[in-house]
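Take a look at the letters that make up each chain.
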Amino acid sequence: MSRFTPLEVTDVRRETRDAVVLTLKPDPADAEAFAFTQGQYLTFRRMFGAEELRRSYSICSGVDDGCLKVGIKRVEGGAFSTWANEEVKVGDHIDAMPPMGRFFTPIDPATAKTYLGFAAGSGITPVISIIKTILAREPQSTFTLVYANRQMHSIMFREELEDLKNIYLGRLSVIHILKSEGQEIDLFTGRIDDHKLDALFDLWIDAESVDAAFICGPEALMLTIADNLRKHGIADEQIKFELFASSQPGRAVKPAVSRETSVTGNSCAVSVTLDGATRSFTMPKDGNSILDAAVANDMDAPYSCKAGVCSTCRARVLEGEVEMAVNHALEDYEVRAGYVLSCQCVPVSDKVVLSYDE
Amino acid sequence: MMNDADTMSIEDYLAGGGKLSSPDNVPPRYRAELLRLMSSFVDSELAGSAGFADAINWAPGISQRIAASRIVLEKAASAEKVLDLMEDFGTDKALYNRAHDWATRQPRDAKVDPRRQGGDMRLSVFHAPLISWTDACVMNLLMGLATGIQLRELAQVSYIPLADVIRDIIPVEARHKELGRVGLVEICATEEGRSEAAASVDYWFPRVADSFGAVGSGRFERLARMGLRHRSNKDQLEEWTQAAQAQLAALKIR
Ligand SMILES: Cc1cc2nc3c(=O)[nH]c(=O)nc-3n(C[C@H](O)[C@H](O)[C@H](O)COP(=O)(O)OP(=O)(O)OC[C@H]3O[C@@H](n4cnc5c(N)ncnc54)[C@H](O)[C@@H]3O)c2cc1C
Ligand code: FES
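Residues numbered from 1 in each chain as written. Chains lettered and ligands numbered in written order. Predicted model: local features only at pLDDT ≥ 70, side-chain atom pairs only at ≥ 80, totals over all residues. Heavy atoms only, no water.

(A) Looking closely at the overall build of chain A. In terms of regular secondary structure, chain A is built from seven helices and 18 strands. The C-alpha extent of chain A, read off along each of the three principal axes, is 75 × 50 × 40 Å. By residue count, 52% of the 358 residues in chain A fall in the buried class. Counting only contacts in chain A whose residues sit at least 6 apart along the sequence, the fraction spanning at least 24 positions is 67%. Carbon and sulfur atoms provide 48% of the accessible area of chain A, an area that totals close to 15500 Å². Positive and negative side-chain charges in chain A, numbering 37 and 52 respectively, have mean positions lying 4 Å apart. (Helix = DSSP H or I, 4+ residues; strand = E, 2+ residues; numbered from the N terminus. Buried < 20%, exposed > 50% of the residue type's maximum accessible area, 1.4 Å probe, protein only. Contact = heavy atoms within 4.5 Å. Areas by Shrake-Rupley, 256 points an atom, 1.4 Å probe, with all protein chains shown as cover. Lys, Arg positive; Asp, Glu negative; His and termini not counted. Charge placed at Lys NZ, Arg CZ, Asp CG, Glu CD.)

Given below as structure tokens:
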């Protein structure tokens, strides 16, 4: 189960017009829990009105920086990112879970590796953490970063990257690609596509020497880059991806759990959505789970342990009332959002609408 | 986020060969199918480990005893590596181990439906009991070959943390298979040993073949779109059949 701990905001730095870097400090007693590996992220929670939102942000400091920093870019209309950019101030506390994530390769001080990184926009955050850590801890390794942004002034960590280049002479190279701002070299202007990547490999990057590649950016760009890397002989297991797209429940989605459901009959009209198809059936209120009823009605509903332990059978109740016998896998926050373990839930109301697709 | 206009749904991203790296961005149906794959692996390893425990005491010599103990240990360790990934999704690791009895087996001659049986998600082959050291070696060789093929498939899944863990497990499982093969070389040195092994092969061959799942199962396509499957059950089964027959021929069993 997740453990949230308050972190103190000790610095707020405006990085670009719409991105902010927060420095966070755990209580000394929690410091160990917040030790991190380069490329990991923190998950925050905060109440917005009556609703708890959770959002993840990659740590952008290196493991030897001695501090926790996150860089948060404001998303148009985004609840958490706007709050972080506009309201957070020094001295505030933010609830966070200990670092998680597996966007890294193991560090080995004795090796001399060649790393390649691709980042777009705020996708730089985990990548700069990786860069700093590798430069500090693998003295013979080198890193080439291809970094895509719209314009010069929207580049996060531009100065910090320059400083790193100077500190670690010859070991970090940064290629800035600007979408809508001309540069001296044509190749570095416009959007990153297969053609531009081919040219980069022809002129600037020796694909054969690459030991590992990191990509963090929007979906379409990550696909383009990964395909091109494969084309240049870089194997799947050498490529690490981090995607920022969030599947965490957003602000507007509120389950329509109606309170005035009737609980009079001995049977329940259940409607279950799975892979976009909805099936309706009636089941007796005899203690059998909704999962079993769905399976008995020929639905390929997901489950594994059937003991309330694994969460494979997670579904969302959109209407009606159910009761969960045991729950060892969902958190209160998910339960409040309407999630249930379908292997453990029996209908209470006479009608239940449940979905495996949300 | 990236202020780029070229946004794409995660479903399209996955269908295009994209990879995911965090429980925070897996869509719900992906989450469910991924957990299913992981628990099938974990349950099979735990049941495999538990089932092999008896073989320790059947071992004819000390080196075989050590080998069998290692298999019991390492299969449990491999299960834990994947269980750790499930924990990121909320699975209660401690309770998971206690949720089922990993040592239970059906009677030797029971006809086991290749689809899921009973409480856990182990592959059906792990419902069949081992009866002797020779039997254990045969099962290990045949199932070890199958596991190698099945893990190479799993190593390509679009959830990178799982693919990475599976890549670490592949050499461990290959060693287990090798221990079975080496055991069989010794057993097949005598005519009597070879005929006992042949009887075990008759028993295990069809059961291991069943572990590749139904040929042409409809789930494949849906899982393939999510990057959770790549090679068809039929292709994998064919590869296994050839590899197994070659090994048995080398041992002069079949
Ligand atoms: C593992 C991980 C690491 C992350 N690291 C970082 C990081 O280091 N820095 C950072 O700035 N962000 C990061 N993110 C993204 C971040 O978690 C939030 O998704 C993002 O800040 C939007 O949250 P919000 O509450 O402001 O917007 P919401 O209120 O959730 O959404 C508001 C609107 O924006 C849209 N939207 C939501 N999320 C995105 C998105 N990611 N891109 C485009 N549109 C979106 C929604 O559809 C909606 O219309 C990361 C995400 C993950 C999963
Ligand atoms: S199937 Fe494991 S919690 Fe329901």
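(B) The overall build of chain B, seen in detail. When helices and strands are counted, chain B shows nine helices and zero strands. For chain B, the C-alpha radius of gyration of 19 Å lies close to 18 Å, the compact-globule estimate for 254 residues. When the backbone C-alpha atoms are referred to their principal axes, chain B occupies close to 70 × 35 × 30 Å. Relative to its 254 residues, chain B shows a buried fraction of 54%. A total accessible area of about 10500 Å² is found for chain B, and carbon and sulfur atoms account for 55% of it. A distance of 3 Å separates the average location of the 31 positive side-chain charges in chain B from that of its 35 negative side-chain charges. (Rg over C-alpha atoms; globule rule 2.2 N^0.38 Å.)

(C) Layout of the pattern of salt bridges. All names here are of chain B. The tally for this structure, following the rule as stated, stands at 48 salt bridges over all chains. The residue E173 makes a salt bridge to K75 at a minimum N-O spacing of 2.8 Å. Of this pair, E173 sits in helix α6 (residues 160–187) while K75 sits in helix α3 (residues 62–87), and the two are 98 residues apart along the sequence. According to the relative accessible area criterion, K75 is buried, its value standing at 8%. Note that E191 and R194 form a salt bridge whose closest N and O atoms lie 3.0 Å from each other. (Salt bridge = Lys/Arg side-chain N within 4 Å of Asp/Glu carboxyl O.)

(D) Spatial organisation of the interface of chain A and chain B. Between chain A and chain B, the contact holds 52 residues from the first and 50 residues from the second. For the pair chain A and chain B, the summed buried area comes to about 4300 Å², and 51% of that belongs to carbon and sulfur atoms. Remark: the boundary between chain A and chain B carries nine salt bridges. With its nearest N and O atoms 2.9 Å apart, the salt bridge here joins D300 of chain A to R219 of chain B. Linking chain A with chain B are 17 residue pairs in polar contact (both at pLDDT 80 or more), by the criterion used here. Contributions of two or more residues to the side of chain A that touches chain B are made by β3 (41–48), α5 (219–231) and β11 (239–242) of chain A. Of the residues in the side of chain A that touches chain B, the class split is 23 nonpolar, twelve polar and 17 charged. (Buried area = accessible area lost by both parts, 1.4 Å probe. Polar contact = N/O pair within 3.5 Å; in protein donor to acceptor, adjacent residues only side chain to side chain. Nonpolar A, V, L, I, M, F, W, Y, C, P; charged D, E, K, R; others polar.)

(E) Region of interest: the sheet that holds strand β13 (residues 277–284) of chain A. Residues and elements named next belong to chain A. Taken together, the five strands give an open sheet; going across it, the order is β13-β12-β18-β14-β16, and neighbouring strands pair in mixed fashion. Two strands close off the open sheet at either side, each with one partner strand: β13 and β16 (339–341). Across this sheet, the average inter-strand angle for adjacent strands is 35°, counted without regard to direction. Note that strand β12 (residues 267–274) and β13 share eight bridges and pair antiparallel. Directly across from V270, in β13, lies its bridge partner F281. (Pairing = 2+ DSSP bridges. Axes fitted to C-alpha atoms, helices over the stretch in contact; angles between N-to-C directions.)

(F) Here's a closer look at the domain arrangement of chain A. For chain A, the assigned domains read domain 1 (5–96), domain 2 (114–245) and domain 3 (267–355). Once you take the C-alpha centre of each, domain 1 of chain A and domain 3 of chain A turn out to be 35 Å apart. (Domains from an automatic or database assignment.)

(G) Looking closely at the sheet that holds strand β2 (residues 19–26) of chain A. Residue and element names in this part refer to chain A. With antiparallel pairing, six strands are arranged side by side in an open sheet as β4-β3-β6-β1-β2-β5. Every other strand in the sheet has two partners, leaving β4 (51–58) and β5 (68–73) as the edge strands with one partner each. Strand after strand, the sheet turns through a mean of 40° between neighbouring axes, direction not considered. Alignment of β2 against β5, held across six bridges, turns out to be antiparallel. Bridging across to β5, L22 finds its partner in V70.

(H) The arrangement of the side chain of R36 of chain B in detail. Tracing the chain through its elements places R36 of chain B in helix α2 (residues 28–58). By relative accessible area, which is 11% here, R36 of chain B ends up buried. A polar atom in the side chain of R36 of chain B sits 3.2 Å from the side chain of E33 of chain B. Sequence-distant contacts of R36 of chain B, that is, excluding residues within four places in its chain, are made with D300, A301, P302, Y303 and T312 of chain A together with M121 and R219 of chain B.

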